[in-house]
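# A closer look at the structure
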Amino acid sequence: MGDLVNLKQVKKRIAREDAAKQSETNRARFGRTKNERSRDELQEKRASDVLDQHHLDDRTPA
């Protein structure tokens with residue numbers, strides 16, 4: 001015979017695991033210091049500026 005399973009306990013365990021996954025993604029997404037955010041923003045701006053400098057056309061509307 002199979003083992004008896006308490007469905008309430010299984011549901012609670014699954015909910016805890018889902019909450020742990022969500023909190024991990026939130027920590028990665030929001031758990032950065034102001035310096036890290038500003039550094040990443042500056043790097044993105046520099047990369048965008050470099051890319052814009054390499055355009056061949058002058059981007060005038062037709």
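Residues numbered from 1 in each chain as written. Predicted model: local features only at pLDDT ≥ 70, side-chain atom pairs only at ≥ 80, totals over all residues. Heavy atoms only, no water.

By the naming in an unreviewed UniProt entry, the chain is DUF4169 family protein, taken from Afipia massiliensis.

### Focus on the overall build of the chain
Using the following cut-off: Under the DSSP-based scheme used, a helix requires at least four consecutive residues in state H or I and a strand at least two consecutive residues in state E, with every element numbered from the N terminus. Note on exposure labels: buried denotes an accessible area under 20% of the residue type's maximum, exposed denotes more than 50%, and partly exposed covers the range between, all computed with a 1.4 Å probe on protein chains only. Here the accessible surface of atoms and residues is derived via Shrake-Rupley with a 1.4 Å probe, and residues count as covered only by protein chains that are part of the display. A positive count includes Lys and Arg, and a negative count includes Asp and Glu. His and the chain ends are not counted in either. Working definition for charges: the position is that of NZ of Lys, CZ of Arg, CG of Asp or CD of Glu.
On a plain count of helices and strands, the chain comes out with 2 helices and 0 strands. Seen through its principal axes, the chain has C-alpha atoms that stretch 75 × 35 × 20 Å. Burial statistics for the chain: of 62 residues in total, 0% are counted as buried. When the accessible area of the chain is evaluated, it comes to approximately 6,500 Å², of which 54% is carbon and sulfur surface. In the chain, 15 positive and 12 negative side-chain charges are present, and the distance between their average locations comes to 11 Å.

### Quick word on the pattern of salt bridges
Under the convention used in this document: We define a salt bridge as a side-chain nitrogen of Lys or Arg found within 4 Å of a carboxyl oxygen belonging to Asp or Glu.
All chains considered together, the criterion is met by 4 salt bridges. Across the pair Arg32 and Asp40 runs a salt bridge, and its minimum N-O distance is 2.3 Å. Overlapping salt bridges bring together Arg32, Arg39 and Asp40 as one network.

### Some remarks on helix α1 (residues 7–30)
We apply this condition: Take the number of residues in a helix, subtract one, and multiply by 1.5 Å to get its expected span. Nitrogen and oxygen atoms within 3.5 Å of one another constitute a polar contact, given that in protein one can donate a hydrogen and the other can accept it, and given that sequence-neighbouring residues count only through two side-chain atoms.
Along its 24 residues, α1 runs 34 Å from first to last C-alpha, staying within 8% of the 34 Å computed at 1.5 Å per residue. Little of α1 is tucked away, with 0 of its 24 residues classed as buried. The backbone nitrogen of Lys8 lies 3.2 Å from a side-chain oxygen of the residue at the head of α1, namely Asn6.

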